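Below are the chains, spelled out letter by letter.
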Amino acid sequence: MSGISCIAHSTVCSQTSRVWLKAAWLTDRDVDQSHDTMLARNCFLLLVVVSGAALAIISFSIQFFNLLPTTPLVEERPVQAADGAVRVAQGKTRKRVFPVPHIQKPNPISEAYGYCNTPSHTEQAWEGHSPADYKLLSVHVMIRHGDRYPLYSIPKTKRPAINCTLSTSRNPSHPLLRSFISHMGKGNLGHWESPLASLPRFPNHNTCETGELTQTGVVQHLRNGKLLQQAYRPHSLVPSDWSPQQVWVETTGKSRTLQSGLAFFYGFLPEFNWKKLTVHHQGSTLFCGSACDCPARNRYLEQEQKRQYRLRVADAELERTYADMARTLGIPTCNLRAANPIDSLLCHLCHGLSFPCVSRKDGSTGECLTMAQFAAIRRQQLDDEKDRRRVGLYRKYAVLAMYPYLNRTATKMERVAKAATGSRPPRAGGEEIFTLSSAHDVTVAPLLSALGLEEARFPPFAARLVFELWKSTSALQGQKEPKLGKGGRPKTRDGGCFIRVLYNGEDVTHDTTFCRSLDRHSSQPLCPLKKFLSFVRRDIFGVVNATSYHQACYSRTG
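Residues numbered from 1 in each chain as written. Predicted model: local features only at pLDDT ≥ 70, side-chain atom pairs only at ≥ 80, totals over all residues. Heavy atoms only, no water.

The name given to the chain in an unreviewed UniProt entry is 2-phosphoxylose phosphatase 1, with the source organism recorded as Hippocampus comes. In UniProt, the chain has this text filed under Sequence similarities (unreviewed entry): "Belongs to the histidine acid phosphatase family." Per UniProt, the chain carries the Catalytic activity (unreviewed entry) text "3-O-[beta-D-GlcA-(1->3)-beta-D-Gal-(1->3)-beta-D-Gal-(1->4)-beta-D-2-O-P-Xyl]-L-seryl-[protein] + H2O = 3-O-(beta-D-GlcA-(1->3)-beta-D-Gal-(1->3)-beta-D-Gal-(1->4)-beta-D-Xyl)-L-seryl-[protein] + phosphate". (UniProt positions renumbered as here; feature names shortened; annotations may be inferred.)

If you tally the helices and strands in the chain, you get 15 helices and 13 strands. Buried positions account for 47% of the 558 residues belonging to the chain. Of the contacts made within the chain by residues no fewer than 6 positions apart, 79% connect residues no fewer than 24 positions apart. (Helix = DSSP H or I, 4+ residues; strand = E, 2+ residues; numbered from the N terminus. Buried < 20%, exposed > 50% of the residue type's maximum accessible area, 1.4 Å probe, protein only. Contact = heavy atoms within 4.5 Å.)

The next thing to look at is the nonpolar core. Counting 56 residues, the largest nonpolar core has Leu451, Phe467 and Phe532 as the members making the most contacts within it. Among the secondary structure elements, those contributing two or more residues to this core are strand S3 (134-144), helix H7 (295-313), helix H12 (393-421), helix H13 (441-450), strand S10 (464-472), strand S11 (497-503), helix H14 (529-537) and helix H15 (549-554). Ranked by residues supplied to this core, first place goes to H12 with 15 residues. Apart from residues no more than four positions distant in its own chain, Leu451 is found in contact with Leu406, Leu465, Phe467, Val501, Thr512, Thr513, Phe514 and Phe535. Leu176, Leu196, Leu199 and Phe272 belong to the second-largest nonpolar core, a separate cluster that totals 45 residues. (Core = buried A, V, L, I, M, F, W, Y, C linked by side-chain atoms within 4.5 Å.)

What follows deals with H12. Residues spaced three or four apart along an α-helix face the same direction, because each turn holds 3.6 residues. Along its 29 residues, H12 runs 40 Å from first to last C-alpha, staying within 8% of the 42 Å computed at 1.5 Å per residue. Along its length, H12 reaches its greatest deviation from straightness, about 50°, at Tyr403, and the proline Pro404 lies no more than four positions downstream. (Expected span 1.5 Å × (residues − 1). Bend = angle between axes of the 7 residues up to and from the residue.)

The next point concerns the packing of aromatic side chains. Taken as a whole and judged by the stated rule, the model has 18 aromatic pairs. Their ring planes at 70° and their centres at 6.4 Å tell us that Tyr266 and Phe272 sit as a pair that is edge-to-face. For Phe272, a relative accessible area of 3% corresponds to the buried category. Members of the aromatic cluster, each reached through a chain of ring pairs, are Phe180, Trp192, Trp242, Phe265, Tyr266, Phe268, Phe272, Trp274 and Phe434. Between the NZ or CZ atom of Lys276 and the centre of the ring of Trp242, over which it lies, the distance is 5.2 Å. Arg388 extends its terminal NZ or CZ atom over the ring of Tyr394, reaching a point 4.4 Å from the ring centre. (Phe/Tyr/Trp six-rings, centres within 6.5 Å; stacked < 30°, edge-to-face > 60°. Lys NZ or Arg CZ within 6 Å of the ring centre and 35° of its normal.)

To continue, consider the packing of H12 against H14. Relative orientation of the contacting elements H12 and H14 amounts to 145°, with a least axis distance of 10 Å. When you trace H12 past H14, the crossing you get is left-handed. Here H12 contributes Tyr403, Leu406, Asn407, Ala410, Thr411, Met413, Glu414 and Ala417 to the contact with H14, which in turn contributes Leu529, Phe532, Leu533, Val536 and Arg537. Among the residues making up the contact of H12 with H14, the classes are represented as 9 nonpolar, 2 polar and 2 charged. (Axes fitted to C-alpha atoms, helices over the stretch in contact; angles between N-to-C directions. Left-handed = near helix turned anticlockwise from the far one by under 90°. Nonpolar A, V, L, I, M, F, W, Y, C, P; charged D, E, K, R; others polar.)

Relative to the assigned elements, Trp470 resides in strand S10. A polar contact of 3.0 Å, which involves the side chain of Trp470, links it to the side chain of Glu468. (Polar contact = N/O pair within 3.5 Å; in protein donor to acceptor, adjacent residues only side chain to side chain.)

Before going further, it helps to spend a moment on the state of the cysteines. Under the criterion given, the structure shown has 6 disulfides. Here Cys357 connects covalently by a disulfide to Cys368, the sulfurs 1.8 Å from one another. Looking down the S-S bond of the Cys357 and Cys368 bridge, the torsion is 90°, so its handedness is right-handed. In this pair, Cys357 sits in strand S7 (residues 357-359) while Cys368 sits in strand S8 (residues 365-368), placing the two residues 11 residues apart along the sequence. Residue classification places Cys357 among the buried residues on the basis of a relative accessible area of 19%. By relative accessible area, which is 32% here, Cys368 ends up partly exposed. (Disulfide = S-S within 2.5 Å.)

As a further point, take the pairing of strand S6 (residues 278-281). Where strand S4 (residues 191-192) and S6 come together, 2 bridges link them in parallel fashion. Its bridge partner lying in S6, Trp192 is registered against Val279. With 3 bridges joining them, strand S5 (residues 247-251) and S6 adopt parallel strand pairing. Each residue of the ladder has a partner; that of Thr251, found in S6, is His281. (Pairing = 2+ DSSP bridges.)

In this section: the pairing of strand S9 (residues 434-439). Most of S9 is tucked away, with 6 of its 6 residues classed as buried. Side-chain alternation along S9 places Phe434, Leu436 and Ser438 on one buried face and Thr435, Ser437 and Ala439 on a second face that is also buried. Examined bridge by bridge, S3 and S9 share 6 bridges and lie parallel to one another. Residue pairing across strands places Val139 opposite Phe434, the latter belonging to S9. Of the strand pairs in this sheet, S5 and S9 are connected by 5 bridges, and their pairing is parallel. Counterpart to Val247 in the pairing with S9 is Phe434.

Turning next to unusual backbone geometry. Phi is mostly negative for residues that are not glycine, and the peptide bonds are mostly trans. For the bond from Asn171 to Pro172, the omega torsion is -5°, close enough to zero to count as cis. Counting through the fold element by element, Pro172 comes out in the loop between S3 and helix H4 (177-184). Of the consecutive residues Ser194 and Pro195, the connecting peptide bond is found in the cis state with omega at 10°. When you line up the elements, Pro195 lands in the loop between S4 and helix H5 (215-232). Positive phi is not limited to glycine here, since Ser236 has a value of about 50°. Mapped onto the elements, Ser236 comes out in the loop between H5 and S5. A positive phi angle, near 55°, is found at Phe287, a position not held by glycine. Looking at where Phe287 falls in the secondary structure, it is placed in the loop between S6 and H7. Owing to a relative accessible area of 0%, Phe287 belongs among the buried residues under this scheme.

This is the structure:
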């Protein structure tokens, strides 16, 4: 935030004293002229002071009304050193969830660094922020796993040399890392749905295995959890004596999602009681539970994959790039495409490693892949995201893919809201007030699209999407006596309850489909829960010309 410009009083006094000392040696006429000169100079100094203060006030006002970004995150500019390694030059501090509108196309290398999501000490979070007369009722978090080792390897090159053990002496680190390692050793006291008990609770290989979470990935989620702990501590969201019914943690069956979820949860509740925790298993990356069967969703996905393929093969620059890379490696182009080289190259970039080179039989190093080739592939990926939004097939897929998760989240929120307003009795052991779902990019990306957040950046490593449920304490004061429903309990639609949606720490509620029409600068800054419930239960299916999940999945006219 801009500081207020000012001129020290000592400077003004010093200048005034010199004027009066000089005046003692002048004639009466000169004294009058000197007096006029001094008066003009003092007026000028006063004008400078007032102008500086006015500019500072204007700057503060602009930032107060969110017209300028105030959440800092170091913007990183890539530089390739003489040894071929990728270095990062620090630039201005900014953090943006949505791309900045501009005429020029985004820099694919800078975009890639955003995807790395390297832990930064300057990051701030807007979770937990609301007007003073609101009470936080529950929080639901969906995360993407943290930084991982590549799933693919580039033929005829050495795999990136990354250590996947945890060490407090290696960067990036975190103050909670040592105690996290120790606490994970007590995991046998927890409750694990099959097959999670057989998975390691933190990465532990000197040489990373395929897809394994790295230390960077652990630190990313320790930081995420700690950020939310600090954000929600003033609201006493999770009591110190929380019950097993109040917390829900779920993950897919991959070690990287399990370990990311545990790192996040430990950052959120350090030294938590293992005996109270049950870690639930989700068999699908869509977190669809028992509602995964949806033929129409599969058809939309097939159509979307065909669109991707047509766009890719029509890109002449991309084809030339693949041909050049294949020629460097001495392999057929089709073999290179199958190896998905961008996955390994991103790992090199995120960890500051030189791009891979050809390994010759005599042990020497041959030609290397280049930053220009990497940029060409990333540029095509950005073009693909733009075309995906334009065509709209992915949005239809996303709605059907993520409806089960959204419906489950809406049901949990509604249950908590009714208990808070007295329209239903609370569950034994308390309501579910905190939910953590540890997932993949193929989970978070369609969830963003289903919510209408299609302009949001593709989920980076350790991305987080947060749903907050709030109740207005003042909204229920001074109201007429509510009508009574069954059992003599109050009959209410939303009970003064509201929802916030945040993506990577930024409030994106008013960018969602269900709250986009609301005035974010109105006297009611939050989005009514009933709008979210109506969206999930009915309006979400409009994009596929249906009124229910069953109709959308099994009708051939969507």
